[in-house]
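Structure assessment
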Amino acid sequence: MIDLHTHILPGIDDGSQDVETSVRMMEMMIEQSVDTIAATPHYYCLDATPEEHRAKAEAAFARFSDAWKERHPEAEKLPEIRIGSEIYLVNSLDSVEKPELLKISGTDLILFELPFSGYHGWMPRLADLVAGRAGARPVFAHVDRYLEMYGRRMTDELEALPHAAFQFNSDSFESRDALKYMYSLIKRGYTVFWASDCHGAHRRAPDLGNTLPGLRRKIEKKFSPSVFEAIEARQYRLMNK
Ligand SMILES: [Fe+2]
């Protein structure tokens, strides 16, 4: 199971605030059988360069790894953690250098977050431009959250991008509107990802392993078991390009 969007790295954004929380989050993910985790701290291009952001994320990862080894000295197979970013789409993003450092490591995926303050046509175009410069496929974080706000215009314009992928948060798996949209993407062959977008061990905790089985049953009922398997297989392929 792949959790494509998490804030598990300690002390880097509004996610995990310390290594203890990160260790607890990881323990929960292991209990839930997550085997691949993208650590995607928020990236604002006005605050840091991709190089600075990446260095900060790697330092946070090193602090987390040390704490994990101390807490779990026995050789335990850890889920794979890939460092990436959740990139906030602002105008000035077009001038960042080395956007490839913002990709989810070991993949050609780059995760963008649309603002909640309003939707504009330049947003998908900018995501496409930055993804192109990074040699990556744009993934749109928690699209479920924007459906009501931005509606058809947004979905049409995101879908028009070549290779766009769509990430749904686990708290939308019971939402009729989110499921309706997810099913329509699946039917039309788009790539979808699932994620917890977890921020802590208590509030907004990792829950993908608890919620995905229910979604799986719904997808299998709506389509067929092979459709769910094909979606997962594609996700793994894209994680291991
Ligand atoms: Fe997030």
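See the structure printed just above.
To keep things clear, this report deals only with the structure shown in the data block. Since the structure is predicted, the reported quantities are computational estimates derived from the model, not experimental observations.

Across a sheet, paired strands are connected by hydrogen bonds in the backbone, their directions being either parallel or antiparallel. The strand order S1-S2-S4 describes an open sheet built from 3 strands, whose pairing is parallel. Looking at strand neighbours, the two that pair on one side only are strand S1 (2-6) and strand S4 (80-83), the edges of this open sheet. Strand-to-strand twist across the sheet, computed as the mean angle between neighbouring axes with direction ignored, equals 20°. Pairing of strand S2 (residues 36-39) with S4 involves 4 bridges; the strand directions are parallel. Residue pairing across strands places alanine 38 opposite arginine 82, the latter belonging to S4. On top of the sheet, helix H7 (residues 225-239) reaches S1, S2 and S4; it is set at about 60° to S1, its chief contact.

Relative to the assigned elements, leucine 78 resides in the loop between helix H2 (50-71) and S4. The exposure class assigned to leucine 78 is partly exposed, which follows from its relative accessible area of 32%. When the C-alpha atoms of leucine 78 and glutamate 27 are compared, they prove to be 9.5 Å apart, with 51 residues separating the residues in sequence. Discounting chain neighbours no more than four positions away, the residues touching leucine 78 are Met26, Ile30 and Trp68.

Two elements in contact, helix H1 (residues 19-31) and H2, have axes whose closest approach is 9 Å; the angle formed by their N-to-C orientations is 70°. For the element pair H1 / H2, the angle class is roughly perpendicular. For the element pair H1 and H2, the recorded crossing hand is right-handed. Of the residues in H2, those touching H1 at Val19, Glu20, Ser22, Val23, Met26, Glu27 and Ile30 are Arg63, Phe64, Ala67, Trp68 and Arg71.

On the protein side, the iron ion has His5 (NE2), His7 (NE2), Glu86 (OE) and Asp197 (OD) as donor atoms, found 2.0 to 2.4 Å from it. Mapped onto the sequence, the donors of the iron ion take the spacing H-x1-H-x78-E-x110-D. One end of the pair, histidine 7, is in the loop between S1 and H1; the other, glutamate 86, is in strand S5 (residues 86-88), with 79 residues separating them in the sequence. The class of histidine 7 is buried, set by a relative accessible area of 1%. Overall, the relative accessible area of 1% leaves glutamate 86 in the buried class.

So, how was this worked out
- Residues numbered from 1 in each chain as written.
- Predicted model: local features only at pLDDT ≥ 70, side-chain atom pairs only at ≥ 80, totals over all residues.
- Heavy atoms only, no water.
- Pairing = 2+ DSSP bridges.
- Helix = DSSP H or I, 4+ residues; strand = E, 2+ residues; numbered from the N terminus.
- Axes fitted to C-alpha atoms, helices over the stretch in contact; angles between N-to-C directions.
- Contact = heavy atoms within 4.5 Å.
- Buried < 20%, exposed > 50% of the residue type's maximum accessible area, 1.4 Å probe, protein only.
- Parallel < 35°, antiparallel > 145°, perpendicular 65-115°, else oblique.
- Left-handed = near helix turned anticlockwise from the far one by under 90°.
- Donors = N, O, S within 2.8 Å, 3.2 Å for Na, K, Ca; no water.

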